[in-house]
Amino acid sequence: MAEQGYNFAYLDEQTKRMIRRAILKAVAIPGYQVPFGSREMPLPFGWGTGGIQVTASIIGRDDTLKVIDQGADDTVNAVSIRKFFARTAGVETTERTEDATILQTRHRIPETRLGAGQILVYQVPIPEPLRWLEPREAETRKMHALEEYGVMHVRLYEDIARFGHIATSYDYPVRVNGRYLMRPSPIPKFDNPKMDRSPALQLFGAGREKRIYAIPPHTGVRSLDFDDHPFEVQKWEDVCALCGSGDSFLDEIVTDDRGGRMFVCSDTDYCGRRREAGHAGPTSRNGEADGA
Amino acid sequence: MSFDIWPGEVLGIVGESGSGKTTVLNCISARLEPTSGTVEYATRHDGPADIYRISEPARRLLMRTDWGFVHQNPQEGLRMEVSAGANIGERLMAVGARHYGNIRETATDWLDKVEMDTGRMDDLPLTFSGGMQQRLQIARNLVTAPRIVFMDEPTGNLDVSVQARLLDLLRGLVSDLGLAAVIVTHDLAVARLLSHRLLVMRRGEIVESGLTDQVLDDPQHPYSQLLVSSVLHP
Amino acid sequence: MTAAIRIEGLAKSFTLHNQGGVRLSVLAGFDLAVEPGECVALRGPSGIGKSTVLRCIYGNYRADGGRILVRHRGGTVDMAAAHPREILAVRSDTVGYVSQFLRVIPRVAAEDVVAEPLRNRGADPREARQAARGVLQSLNIPAALHRLAPATFSGGEQQRVNLARVFVADYPVLLLDEPTASLDRENRDAAIGLIREAVRRGTAIVGIFHDSEVRDAVATRTVPLSAAREAA
């Protein structure tokens, strides 16, 4: 039951309508950044205020919400946002990816493949992919309008020249539907392929920068690359120390001050459910932290 | 004012500071819309076009392919935060080059053409001397084989000793590539070495124009005579 | 027209705007025709306008009146009225000019300075340089100097570089303003040899030679200039 004294999901209905209009426009023009009147939220900018406003505008009483931060359901940011909606909207929350109708995320896409009808809401710190090379907003808009995206490759060129490969590993730029250049927010490039032709609706909210953009279901999303240096995702030599997964995004965890470390799934729901299903990693089998 | 520039022709614009040289350069290079009058450019495929009437995408495409602009201060014309190679490759990538190896090969070629050490391809522009930065800026502009290059005091910031080599390089490139160029300078020696034809400007007007050495050796207008007679000949 | 150069009624004056508007009339009604294979020496006291004639033919000075017809690529160009582009084309293909002074970019090698006329016509850089070395050699510039910038050369060496620049390109018309002024006997003879050879090939030459020995050795005809000066 929602707490008394707040409108449903905190925002007033007028604001929600405004944001929904921005979302509709964003869906109609995949990858295009739609300006919106970002409101003051009871959190500081940078804590996911863009994502929260998007979620607040689309959430209904029947929705089930999952919130992750870097893949985890139990970190401060995720917990506080989940509680925020539990209190202001009284909706059900879950940690199970497939049970959620709305998933708000900071910096990850769940390992479990999203399905039709689900909505993934990204928290976006800086929406403009061209910002690093062009500080003027009027000019970046013009560059988007005229599809002048060639310079974006300059950055990838620099990566290869310096490191021998494209070293950009987060917030890796993509072209949406063959048209707009888009920043996918600081998700690892490991997650980029999951955006491509996803059956789920993907919405991006930048609170401080007052921008909303979207990838409608089944929309092509292509990561920029060179013909002779094609896009690649991160790979690990290790598997998850806990669940043994060899195809998920792994976080490195330092276990002591003697150089001990282990790799574990960043997606806590995915990892936990694999363990429930009987999968085990090297650590679980050996029963010691640095056994891998 | 009215004037023409022909393919392969180098036009110098001289005059004292404040005479309007740079304003003319900006107007004819689509960087500053004139209050009245037209600037026509003979496009490759569609004949002459008023550069302020064609669509903005077409104009911007011209500016980064068919045209070059060399600033007096190389830092205005270079992307200081990326390597020399990326600076040269940018225009190629802007017109769709997507093969890293080929881009790099072309960049190497151009470093060589502007007589820079190809081993420094991955260094940032800030690590180069002023003269080398200017060479880099020139290479960055010429990589798309433009047909006309606008230069605003291209040797203005350089030591005299570096100027001479750069002038020779520019002269060689312009004649080898059959480039048209408009060069704004207050240095009559630079104008003499680089330009075929000269416009002398004063207070926003062209007071004299003609073959470069004719204007410099047999100036007709009182102001041109004053300008020429005020130069020190070492 | 068979003449390589035909000058009709050439007039040239200078107005010195910054010196009280003084007007100096140097040439008035000057006529001259030069056939291929002729070497015409202009004579007269200094200041009479000999150099002015050469400079007007070269398009370096703007004629006030008259016509300066130069045979160029099978047609004729009036250098007194031609567009700068035409004048440059004439200079590239037809008319070579040697002044007393060498004007080059500092720090460019002598062989490249000499090769430039060929390079301007689109010659292969290596071949042009090769030809340049040959001419420099024939003017007694030692090979060791070819790669050095002429700014450091002696007056005589610079003058020979200047001569090499026109002889490398085999122009049908040559304008020589005191081409041997600062040369010693040996080099002067080398220059005379080149000039005579050019005349034999059919080059039309107009020159100013103060040294009567040189003049007698190369000129096929002498044209005196008389004072046209009438201060206005």
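Our subject is the structure that appears above.
Thresholds applied
- Residues numbered from 1 in each chain as written.
- Chains lettered and ligands numbered in written order.
- Predicted model: local features only at pLDDT ≥ 70, side-chain atom pairs only at ≥ 80, totals over all residues.
- Heavy atoms only, no water.
- Helix = DSSP H or I, 4+ residues; strand = E, 2+ residues; numbered from the N terminus.
- Rg over C-alpha atoms; globule rule 2.2 N^0.38 Å.
- Buried < 20%, exposed > 50% of the residue type's maximum accessible area, 1.4 Å probe, protein only.
- Contact = heavy atoms within 4.5 Å.
- Areas by Shrake-Rupley, 256 points an atom, 1.4 Å probe, with all protein chains shown as cover.
- Lys, Arg positive; Asp, Glu negative; His and termini not counted.
- Charge placed at Lys NZ, Arg CZ, Asp CG, Glu CD.
- Axes fitted to C-alpha atoms, helices over the stretch in contact; angles between N-to-C directions.
- Parallel < 35°, antiparallel > 145°, perpendicular 65-115°, else oblique.
- Nonpolar A, V, L, I, M, F, W, Y, C, P; charged D, E, K, R; others polar.
- Pairing = 2+ DSSP bridges.
- Buried area = accessible area lost by both parts, 1.4 Å probe.
- Salt bridge = Lys/Arg side-chain N within 4 Å of Asp/Glu carboxyl O.
- Left-handed = near helix turned anticlockwise from the far one by under 90°.
- Core = buried A, V, L, I, M, F, W, Y, C linked by side-chain atoms within 4.5 Å.
- Domains from an automatic or database assignment.

Asker: Outline the overall build of chain C, supporting the account with residue identities and numerical values.
Answerer: Counting its secondary structure elements, chain C contains eight helices and nine strands. Expected size for 232 residues packed as a compact globule is a radius of gyration near 17 Å; at 18 Å, chain C falls within 12% of this value. A principal-axis box enclosing the C-alpha atoms of chain C has dimensions of 55 × 40 × 35 Å. Expressed as a percentage of the 232 residues in chain C, the buried residues total 52%. Within chain C, contacts between residues separated by at least 24 positions form 68% of all contacts whose residues are at least 6 apart in sequence. Just so you have it, chain C exposes about 10,200 Å², and 47% of that area is on carbon and sulfur atoms. Put simply, chain C has 30 plus and 25 minus side-chain charges, and the middle of one group is 4 Å from the middle of the other.

Asker: Before we move on, can you summarise the packing of helix α5 (residues 152-163) of chain A against helix α5 (residues 100-113) of chain B with the specific residues and values?
Answerer: Contact geometry of α5(A) with α5(B) gives a least axis separation of 11 Å together with a crossing angle of 80°. As the angle between them shows, α5(A) and α5(B) are arranged roughly perpendicular. Together, A:Y157, A:I160 and A:A161 of α5(A) and B:Y100, B:I103 and B:R104 of α5(B) make up the contact between the two elements. In terms of residue class, the contact of α5(A) with α5(B) is built from five nonpolar, no polar and one charged.

Asker: Break down the pairing of strand β4 (residues 102-106) of chain A for me, with residues and values.
Answerer: In summary, the side chains of a regular strand alternate between the two faces of the sheet. Residues and elements named next belong to chain A. Of all five residues in β4, four are buried; the element is thus mostly enclosed. In this structure, strand β2 (residues 64-69) lies alongside β4, joined through five bridges in parallel fashion. Bridge pairing in β4 links I68 to T105. Across four bridges, β4 lies against strand β5 (residues 119-123) in parallel orientation. What sits directly across from L103, in β5, is L120.

Asker: Please set out helix α1 (residues 50-58) of chain C residue by residue, giving values where relevant.
Answerer: All names here are of chain C. Burial of α1 is extensive: eight of the nine residues sit out of reach of the surface. Regarding α1, the residues found buried are K50, T52, V53, L54, R55, C56, I57 and Y58. Directly after α1, the chain includes G59, whose backbone phi takes a positive value near 85°.

Asker: Go over the interface of chain B and chain C, please, and point to the residues and values.
Answerer: Where interface size is quoted, it is often the accessible area lost as the parts come together. Facing 28 residues of chain B, the contacting portion of chain C comprises 24 residues. Between chain B and chain C the total buried area reaches about 2,300 Å² when both faces are included, carbon and sulfur atoms providing 49% of it. When residues of chain B are sorted by the area they lose upon contact with chain C, B:L211, B:Q214 and B:D218 head the list and together hold 23% of the total. In this assembly, chain B and chain C are joined by six salt bridges. Between B:D218 and C:K12 there is a salt bridge, with the nearest N and O atoms lying 2.6 Å from each other.

Asker: Describe the interface of chain B and chain A, with residues and values.
Answerer: Listed as interface residues are 22 residues of chain B and, on the opposing side, 21 residues of chain A. The contact between chain B and chain A buries some 1,900 Å² in all, and 59% of this surface belongs to carbon and sulfur atoms. When the area that chain B buries against chain A is broken down by residue, the three leading residues are B:R60, B:R98 and B:Y100, summing to 38%. Joining chain B to chain A, the criterion identifies four salt bridges. Linking B:R60 and A:E148 is a salt bridge whose minimum nitrogen-to-oxygen distance equals 2.7 Å.

Asker: Tell me about the environment of C:I87, and name the residues and values.
Answerer: Position of C:I87 relative to the elements: it lies in helix α2 (residues 84-93). Judged by its relative accessible area of 2%, C:I87 is buried. The contacts of C:I87, once residues within four sequence positions are left out, are B:L211, C:Y58, C:G59, C:M79 and C:A82.

Asker: Summarise unusual backbone geometry; cite the residues concerned and give the values.
Answerer: In this structure, A:K210 is a non-glycine residue whose phi angle is positive, near 60°. Considering the arrangement of structural elements, one finds A:K210 in the loop between β8 (201-206) and β9 (211-215).

Asker: Got a sec to walk through the sheet that holds strand β9 (residues 221-224) of chain C? Specific residues and values, please.
Answerer: Residue and element names in this part refer to chain C. An order of β6-β7-β8-β3-β9 is seen for the five strands of this open sheet, with the pairing classed as parallel. In the strand order of this sheet, the two ends are held by β6 (95-98) and β9, each with one partner. On average, adjacent strands in this sheet sit at an angle of 20° to one another, irrespective of strand direction. With four bridges connecting them, strand β3 (residues 39-43) and β9 associate as parallel partners.

Asker: Tell me what's going on with the packing of helix α3 (residues 110-120) of chain C against helix α6 (residues 155-167) of chain C, and back it up with residues and numbers.
Answerer: All names here are of chain C. One way to put it is that α3 packs onto α6 with a least axis distance of 7 Å and a crossing angle of 30°. Two packed elements cross with a definite hand, and for α3 against α6 that hand is right-handed. Each of A110, V113, V114, E116 and P117 in α3 lies in contact with α6, whose residues at this interface are V161, A164 and R165. For the contact of α3 with α6, the per-class residue count stands at six nonpolar, no polar and two charged.

Asker: With reference to specific residues and values, describe the nonpolar core.
Answerer: The tendency in soluble globular proteins is for nonpolar side chains to be buried side by side. Counting 98 residues, the largest nonpolar core has A:Y157 and C:F167 as its most contacted members. Formed jointly, this core draws a minimum of three residues from each of two domains, domain 1 (1-66 + 146-234) and domain 2 (79-145) of chain B. With sequence-adjacent residues up to four places away left out, A:Y157 is seen in contact with A:F226, B:S83, B:G85, B:A86, B:M93, B:Y100, B:I103, B:R104 and B:M121. Listed in part, the 37 residues of the second largest apolar core include C:A4, C:L10, C:V34 and C:C56.

Asker: Which residues make up the environment of A:R136, and what are the values?
Answerer: One can find A:R136 in the loop between β5 and α4 (137-145). With 51 residues separating them in the primary sequence, A:R136 and A:I187 have C-alpha atoms 25 Å apart.

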